[in-house]
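# Breakdown of the fold
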Amino acid sequence: MTRMQVHQKERALSQPTIKLDESWLRELQGEFNAPYMRSLREFLVSEKQAGKVIFPPGNEIFNALNLTHLGSVKVVILGQDPYHGDGQAMGLCFSVHKGVRIPPSLKNIYKEMETDLGIPPAMHGDLTSWAQQGVLLLNSVMTVERGRAASHQGKGWEKFTDAVIAAVNRQSSPVVFLLWGSYAQKKAAFVDTSRHLVLKGPHPSPLSAHTGFFGKHYFSKANEFLMENNITPIDWRLP
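Model, not experiment: these values are computed from the prediction.

The rules behind each value
- Residues numbered from 1 in each chain as written.
- Predicted model: local features only at pLDDT ≥ 70, side-chain atom pairs only at ≥ 80, totals over all residues.
- Heavy atoms only, no water.
- Salt bridge = Lys/Arg side-chain N within 4 Å of Asp/Glu carboxyl O.
- Helix = DSSP H or I, 4+ residues; strand = E, 2+ residues; numbered from the N terminus.
- Buried < 20%, exposed > 50% of the residue type's maximum accessible area, 1.4 Å probe, protein only.
- Pairing = 2+ DSSP bridges.
- Axes fitted to C-alpha atoms, helices over the stretch in contact; angles between N-to-C directions.
- Polar contact = N/O pair within 3.5 Å; in protein donor to acceptor, adjacent residues only side chain to side chain.
- Core = buried A, V, L, I, M, F, W, Y, C linked by side-chain atoms within 4.5 Å.
- Contact = heavy atoms within 4.5 Å.
- pLDDT = per-residue confidence, 0-100.
- Phe/Tyr/Trp six-rings, centres within 6.5 Å; stacked < 30°, edge-to-face > 60°.
- Parallel < 35°, antiparallel > 145°, perpendicular 65-115°, else oblique.
- Left-handed = near helix turned anticlockwise from the far one by under 90°.
- Right-handed = clockwise from strand over helix to strand, strands pointing away.

### Topic: the pattern of salt bridges
Any two side chains of opposite charge can pair if their charged atoms end up close together. Overall, the coordinates contain eight salt bridges when judged by the stated rule. As a salt-bridge pair, K187 and D162 come within 2.6 Å of each other at their nearest N and O atoms. Here K187 is found in helix α8 (residues 182-187), whereas its partner D162 is found in helix α7 (residues 157-169), with 25 residues between them in sequence. For K187, a relative accessible area of 11% translates into the label buried. Residue classification places D162 among the partly exposed positions, given a relative accessible area of 31%.

### Structural notes on the sheet that holds strand β2 (residues 75-79)
Pairing is parallel in the open sheet, where four strands are placed in the order β3-β2-β5-β6. At either margin of the open sheet sits one strand with a lone partner, and together these are β3 (135-139) and β6 (197-201). Neighbour to neighbour, the strand axes of the sheet diverge by 20° on average, direction disregarded. Note: strand β5 (residues 176-180) against β6, five bridges, orientation parallel.

### Some points on the side chain of H196
Along the chain, the position of H196 falls in the loop between α8 and β6. A residue is classified by how much of its surface remains accessible, and H196, at 2% relative accessible area, is buried. For H196, the side chain forms a polar contact with the main-chain oxygen of N169, separated by 3.0 Å.

### Concerning unusual backbone geometry
Following F55, the chain continues to P56 via a peptide bond in cis, the omega torsion being -10°. Residue position: P56 is located in the loop between β1 (54-55) and α4 (63-67). For A150, which is not glycine, the phi dihedral falls at a positive 65°. Examined against the element boundaries, A150 turns out to sit in the loop between β4 (144-145) and α7. Although it is not a glycine, N230 adopts a positive phi angle of roughly 60°. Counting through the fold element by element, N230 comes out in the segment after α9 (218-228). In this structure N230 comes out as exposed when scored by relative accessible area, which is 75%.

### Brief notes about the nonpolar core
Core analysis: the biggest nonpolar cluster contains 68 residues, and W24, I77, W130, L136, F160 and W236 have the highest contact counts within it. Each residue touching L136, except ones within four places of it in the same chain, is listed here: W24, A64, L65, T68, V73, V75, V76, I77, V164 and V168.

### Let's talk about the confidence of the model for the protein chain
On average, residues of the protein chain score 92 in pLDDT, and 92% of them are at 70 or above. pLDDT under 50 marks residues 1-16. Its contacts with residues more than four places away, or in other chains, come to 14 contacts.

### Quick look at the packing of aromatic side chains
Throughout the structure, instances matching the rule amount to 14 aromatic pairs. With a centroid separation of 5.9 Å and 65° between ring planes, the pair formed by F62 and W157 is classed as edge-to-face. Here the residue F62 occupies a position in the loop between β1 and α4, and W157 occupies one in helix α7, the gap between them amounting to 95 residues. Three or more aromatic residues joined by ring pairs make a cluster, and in this case those are F94, W130, W180, F213, F214, Y218, F219 and W236.

### So, the packing of helix α3 (residues 35-49) against α7
Direction vectors running N to C along α3 and α7 enclose 130°, while the axes themselves pass 9 Å from each other. Considered as vectors, α3 and α7 are oriented oblique to each other. In the crossing of α3 with α7, the sense of the turn from one axis to the other is left-handed. Here Y36, M37, L40 and L44 of α3 come into contact with α7, specifically with W157, K159 and F160.

### Regarding the pairing of β5
In terms of burial, β5 is a largely internal element, five of the five residues being buried. Of the two faces of β5, the one holding V176, L178 and W180 and the one holding F177 and L179 are both buried throughout. Relative to β5, β2 is paired through three bridges, and the arrangement is parallel. Among the inter-strand pairings, I77 is bridged to a residue of β5, identified as L178. Since β5 and β6 lie parallel, the crossover through α8 that links them has a hand, and here it is right-handed.

Shown next, in the form of structure tokens:
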């Protein structure tokens, strides 16, 4: 590789190559220019060059931010890592494409929603309609290697998504944070509860849902808070 080719490669790695909604890009431009993000991009490039399959696909990594503009965020749901099975991860936490088997955690979310709002469980796991209404479905780590859960933890995504949460926290409009599990609760510990509503509970995973996830009425409480602040509530039904 010539010196010019090396320079061109380095320049490509130093710039965000995935299109991002302008509302987020303005707020997060400094993060994309930070050394940790450069290291993260270099890591992802090297993994792909080594023949590893990365989920979600490149054009879906930033789905949560592109489908839910910063100024329209009403509710934040935090996940930890994308699904690592074929065809599952789509850039929205807990969500899978239509036609993909509904994961157990999402089934439990549906159960709680039915108890809370009387909404029958959907026949699919695609939560895009929530995202389009202002539900930020954010995974703390936004990529994963196929078949290797948590394989991209500690590579820089955590710092980036901390910045995303901080950006939401700075918004003047009140937001509901649904924090399920100790990981999500620690990650968003700095949220200003004098302006935003934080609802906590165990993770909906079958391993922990039985310890108190059910019966908390997260969805109705979120909508009550939104309406109290003259914000249009979320229609939690899935088309």
